[in-house]
Amino acid sequence: MAKIVFYVSYDIDPNKRNEYLDSIKEYKTLISGAGLSKYTLLEEKGKANKFREIFEFESEDAFDQFDDAGDERISILNRKLESLKIAKSTKSRTLVEVEI
């Protein structure tokens, strides 16, 4: 089974950075162990408040199940995190491991 990597990048309102970091910390705690093998938050070097979240899954099934988790607290945090982002700055990609 091929590994799946999903990433999303975006800019955060500089005035809301601390609120963002507090919220993302709680989000990370809530999603750990939900079929996710690894979660990483990165900030682009030299570009403050430009973040990338990387989600790694062992299989497409694990990715699909995570996407459909439906936890209410996670949904609330997702809405809050969306409100802290700069409009139209979000980009995402889903990558599938090529087995060679």
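Right, let's walk through the structure included here. Source: prediction; values computed, not measured.

Thresholds, definitions, all that
- Every residue gets a number counted from 1 within its own chain, in the order that chain's sequence is written.
- Reporting of local features is limited, given that this is a predicted model, to residues whose pLDDT is at least 70; pairs of side-chain atoms are given and counted only at 80 or more, and all residues count toward the totals for whole chains, interfaces and linings.
- The basis for every side-chain value is the complete set of heavy atoms in the structure, and neither hydrogens nor water enter the calculation.
- Between N-to-C directions, angles cover 0 to 180 degrees, with each direction set by a line fitted to C-alpha atoms, over the stretch in contact for helices.
- Where helices and strands are cited, they refer to DSSP runs of H or I of at least four residues and of E of at least two residues respectively, numbered from the N terminus.
- Each angle gets one of four labels, with under 35 degrees taken as roughly parallel, over 145 as roughly antiparallel, 65 to 115 as roughly perpendicular, and the rest as oblique.
- Put simply, a crossing is left-handed when the front helix is turned counterclockwise from the back one by less than a right angle, and right-handed when it is turned clockwise.
- Contacts were defined at the residue level, with two residues in contact if any of their heavy atoms lie within 4.5 Å.
- Just so you know the grouping, Ala, Val, Leu, Ile, Met, Phe, Trp, Tyr, Cys and Pro go in nonpolar, Asp, Glu, Lys and Arg go in charged, and all remaining residues, Gly too, go in polar.
- One fewer than the residue count of a helix, multiplied by 1.5 Å, yields its expected span.
- Only protein chains enter the accessibility calculation, which uses a 1.4 Å probe; a residue is then buried when its area is under 20% of its type maximum, exposed when over 50%, and partly exposed in between.
- Note that the arc is defined by the directions from the helix axis to the C-beta atoms.
- Note on pairing: two strands pair once DSSP finds at least 2 bridges between them.

Topic: the packing of helix α1 (residues 17–31) against helix α3 (residues 72–84)
In contact at an axis separation of 10 Å, α1 and α3 are set at 150° when each is read in the N-to-C sense. The pairing of α1 with α3 is recorded here as roughly antiparallel in orientation. Where α1 crosses over α3, the handedness of that crossing is left-handed. In this structure, α1 uses Glu 19, Tyr 20, Ser 23, Ile 24, Glu 26, Tyr 27, Leu 30 and Ile 31 to contact α3, whose residues at the interface are Arg 73, Ile 74, Leu 77, Asn 78, Lys 80, Leu 81 and Leu 84. For the contact of α1 with α3, a count of residues per class yields 9 nonpolar, 2 polar and 4 charged.

Some remarks on α1
Taking 1.5 Å of rise per residue, 15 residues should cover 21 Å, and α1 covers 21 Å from first to last C-alpha, within 8% of that figure. Buried within α1 we find Tyr 20, Ser 23, Ile 24, Tyr 27 and Ile 31. Axial view of α1: buried residues confined to an arc of 100°, hence all on one face. Among the exposed residues of α1, those pointing more than 90 degrees away from its buried face are Asn 18, Asp 22, Lys 25 and Thr 29.

Structural notes on the sheet that holds strand β4 (residues 91–96)
Pairing in this open sheet of 4 strands is antiparallel, and the strands run β2-β3-β1-β4 from one edge to the other. This sheet does not close on itself; its edge strands, each paired only once, are β2 (38–43) and β4. Across the sheet, the mean angle separating the axes of adjacent strands is 15° when strand polarity is ignored. Across 6 bridges, β2 lies against strand β3 (residues 50–57) in antiparallel orientation. Each residue of the ladder has a partner; that of Glu 43, found in β3, is Phe 51.

A word on unusual backbone geometry
Excluding glycine, most residues fall at negative phi; most peptide bonds, likewise, are trans. Of note, Asn 49 is a non-glycine position whose phi angle comes to about 70°, a positive value. Here Asn 49 lies in the loop between β2 and β3. Exposure remark for Asn 49: the relative accessible area of 10% places this residue in the buried category. Backbone geometry places Lys 88, a non-glycine residue, at a positive phi of 65°. The residue Lys 88 is located in the loop between α3 and β4 in this model.

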